[in-house]
Amino acid sequence: MVNEFEIKKQICDIGRRIYNRNMVAANDGNISVKLNDNEFLCTPTGVSKGFMTPEFICKVDAQGNVIQANPGFKPSSEIKMHMRVYQKRPDVGSVVHAHPIYATSFAIAGIPLTQPIMPEAVIALGCVPIAEYGTPSTMEIPDNLEKYLPYFDAVLLENHGALTWSTDLNAAYMKMESVEFYAQLLYQSKLLGGPKEFDKENIKKLYEIRRKFGMPGKHPANLCQNKDGVNCHNCGGACHSQEYKQFPGYQYDFVGSDAPAEAPAATTANADAELVANITKQVMAQLGLK
Ligand SMILES: [Zn+2]
């Protein structure tokens, strides 16, 4: 296992990336990493995440109570929202919260990211719903977030920002980048007259590929809450078909957090990114888009 000091340094690195990519302003945003079932590292409140050093990082227990913090540092006031993710998703090793401009604009406009417009976003994220507004630092955000946790690895927070989680810190951060990139593409393509969406057939093909590669995390390809076909594009209604039921992920449908953790511990964000790149190539070829 990587030692604690190394993880603290990694948190500072990711903080810099979030700040440098304009995903947070001033002292906004927070990051946490699970060490074990009762120890979590998290960023402190009231500091810019772009200028942290390892001694800034605090340690909390599963309830968010301080285990260790250097003088002058207190854990993020949003730690409760992180803890709810770990509580409901034992497969998760890290949670990232930021306010990226495009994703947050969609969260403010009340528009979830549900349009299937590019292979990577469909494969890696599926759709990104909006968790109902809650006052920061109260239990409202974790409570409103909870129902999305069994089905997604990324949500927008209404009138606030975005939250992503994954097997490790790098992967959770990459999800945040992907959400923001997807939101930006959606925004720009709307300005150009509106995106051309994939049809159901093509969405199904992308989902089949995701299942075949056994990618970690929750995704509507494996866990579809789209029972009535209105909330989310992603299965394209495919979750009701016989064909869909033949896929290995199908038995996990609708079972929520009782589902076996699908994430192999060794999965890294790089392997993930490479996988998505390969999958995308295949899909583009299949679609004749090259
Ligand atoms: Zn925030």
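Residues numbered from 1 in each chain as written. Predicted model: local features only at pLDDT ≥ 70, side-chain atom pairs only at ≥ 80, totals over all residues. Heavy atoms only, no water.

Draft legend 1. Geometry of the pattern of salt bridges. Going through the model one piece at a time under the given rule, you end up with 14 salt bridges. Between Lys147 and Glu132 there is a salt bridge whose closest N-O contact spans 3.1 Å. Linking Lys147 in the loop between helix 5 (140–145) and strand 7 (154–157) with Glu132 in the loop between strand 6 (130–131) and helix 5, this pair joins segments that are 15 residues apart in sequence. A salt bridge links Lys175 to Asp153, with the nearest nitrogen and oxygen atoms 3.5 Å apart. Here Lys175, found in helix 6 (residues 169–191), pairs with Asp153, found in the loop between helix 5 and strand 7; they are 22 residues apart in sequence, far enough to count as distant. Of the residues examined, Lys175 reaches a relative accessible area of 10% and is grouped as buried. One salt-bridge network, in which partners are shared between bridges, spans Arg84, Lys88, Asp143 and Glu146. (Salt bridge = Lys/Arg side-chain N within 4 Å of Asp/Glu carboxyl O. Helix = DSSP H or I, 4+ residues; strand = E, 2+ residues; numbered from the N terminus. Buried < 20%, exposed > 50% of the residue type's maximum accessible area, 1.4 Å probe, protein only.)

Draft legend 2. The side chain of Gln115, seen in detail. With respect to the helices and strands, the residue Gln115 is situated in the loop between helix 3 (101–109) and helix 4 (119–124). Owing to a relative accessible area of 18%, Gln115 belongs among the buried residues under this scheme. A polar side-chain atom of Gln115 sits 2.7 Å from a polar atom in the side chain of Glu197. (Polar contact = N/O pair within 3.5 Å; in protein donor to acceptor, adjacent residues only side chain to side chain.)

Draft legend 3. Layout of the sheet that holds strand 4 (residues 66–68). What the eight strands build is an open sheet, ordered 4-3-2-1-5-8-7-6; its pairing is mixed. Only two strands of the sheet have a single neighbouring strand rather than two, namely strand 4 and strand 6. In terms of strand pairing, strand 2 (residues 39–42) meets strand 3 (residues 58–60) through three bridges, oriented antiparallel. Bridged to Phe40 within strand 3 is Val60. Lying over the sheet, helix 3 contacts strand 6, strand 7 and strand 8 (161–166), oriented at roughly 60° with respect to strand 7. (Pairing = 2+ DSSP bridges. Contact = heavy atoms within 4.5 Å. Axes fitted to C-alpha atoms, helices over the stretch in contact; angles between N-to-C directions.)

Draft legend 4. Quick peek at helix 7 (residues 200–213). When the terminal C-alpha atoms of helix 7 are compared, their 20 Å separation across 14 residues agrees well with the 20 Å that a helix rising 1.5 Å per residue should span. Just downstream of helix 7 lies Gly214, where phi reads positive at about 55°. (Expected span 1.5 Å × (residues − 1).)

Draft legend 5. Here's a closer look at the coordination of the zinc ion. For the zinc ion, the full set of protein donor atoms is His97 (NE2), His99 (NE2) and His160 (NE2), at a range of 2.0 to 2.1 Å. For the zinc ion, all donor residues lie on one chain, and their spacing in sequence is H-x1-H-x60-H. With His99 in the loop between strand 5 (94–98) and helix 3 and His160 in the loop between strand 7 and strand 8, the pair connects residues that are 61 residues apart, well separated along the chain. Residue classification places His99 among the partly exposed residues on the basis of a relative accessible area of 22%. Note on His160: relative accessible area 13%, which makes it buried. (Donors = N, O, S within 2.8 Å, 3.2 Å for Na, K, Ca; no water.)

Draft legend 6. Fine view of the state of the cysteines. Counted under the stated rule, the structure contains zero disulfides. Here Cys42 is not cross-linked by a disulfide; its sulfur's nearest cysteine counterpart is in Cys58, at 5.2 Å. Under the relative-accessibility criterion, Cys58 is labelled buried at 0%. (Disulfide = S-S within 2.5 Å.)

Draft legend 7. Structural detail: unusual backbone geometry. Here Asn22, not a glycine, exhibits a phi torsion of approximately 60°, which is positive. Note that Asn22 resides in the loop between helix 1 (4–20) and strand 1 (30–36). Looking at Asn22, the relative accessible area reads 51%, which means it is exposed. A positive phi angle, near 50°, is found at Asn159, a position not held by glycine. With respect to the secondary-structure elements, Asn159 resides in the loop between strand 7 and strand 8. On the basis of relative accessibility, which here comes to 44%, the residue Asn159 falls in the partly exposed class.

Draft legend 8. Quick look at the confidence of the model for the protein. Looking at the protein as a whole, the pLDDT averages 82, with 75% of positions reaching at least 70. This stretch, residues 233–269, has a pLDDT under 50; its non-local contacts, to residues over four places away or in other chains, come to 78 contacts. (pLDDT = per-residue confidence, 0-100.)

Draft legend 9. Up close: the packing of helix 1 against helix 6. At a closest axis distance of 11 Å, the pairing of helix 1 and helix 6 adopts a crossing angle of 10°. Judged by the inter-axis angle, helix 1 sits roughly parallel to helix 6. Counted together, Gln10, Ile11, Ile14, Arg17 and Ile18 of helix 1 and Leu169, Asn170, Tyr173, Met174 and Glu177 of helix 6 form the full contact between these two elements. In the contact of helix 1 with helix 6, the residues fall into six nonpolar, two polar and two charged. (Parallel < 35°, antiparallel > 145°, perpendicular 65-115°, else oblique. Nonpolar A, V, L, I, M, F, W, Y, C, P; charged D, E, K, R; others polar.)

Draft legend 10. Up close: the nonpolar core. Core analysis: the biggest nonpolar cluster contains 62 residues, and Ile11, Ile18, Leu113, Leu145, Leu156, Leu163 and Trp165 have the highest contact counts within it. Top contributing element to this core by residue count: helix 6, with eight residues. Setting aside chain neighbours within four positions, we find Leu113 in contact with Phe106, Cys127, Val128, Leu156, Val179, Tyr182, Ala183 and Leu186. One finds Ile123, Ile203, Leu206 and Met215 within the second-largest nonpolar core, a separate group that totals seven residues. (Core = buried A, V, L, I, M, F, W, Y, C linked by side-chain atoms within 4.5 Å.)

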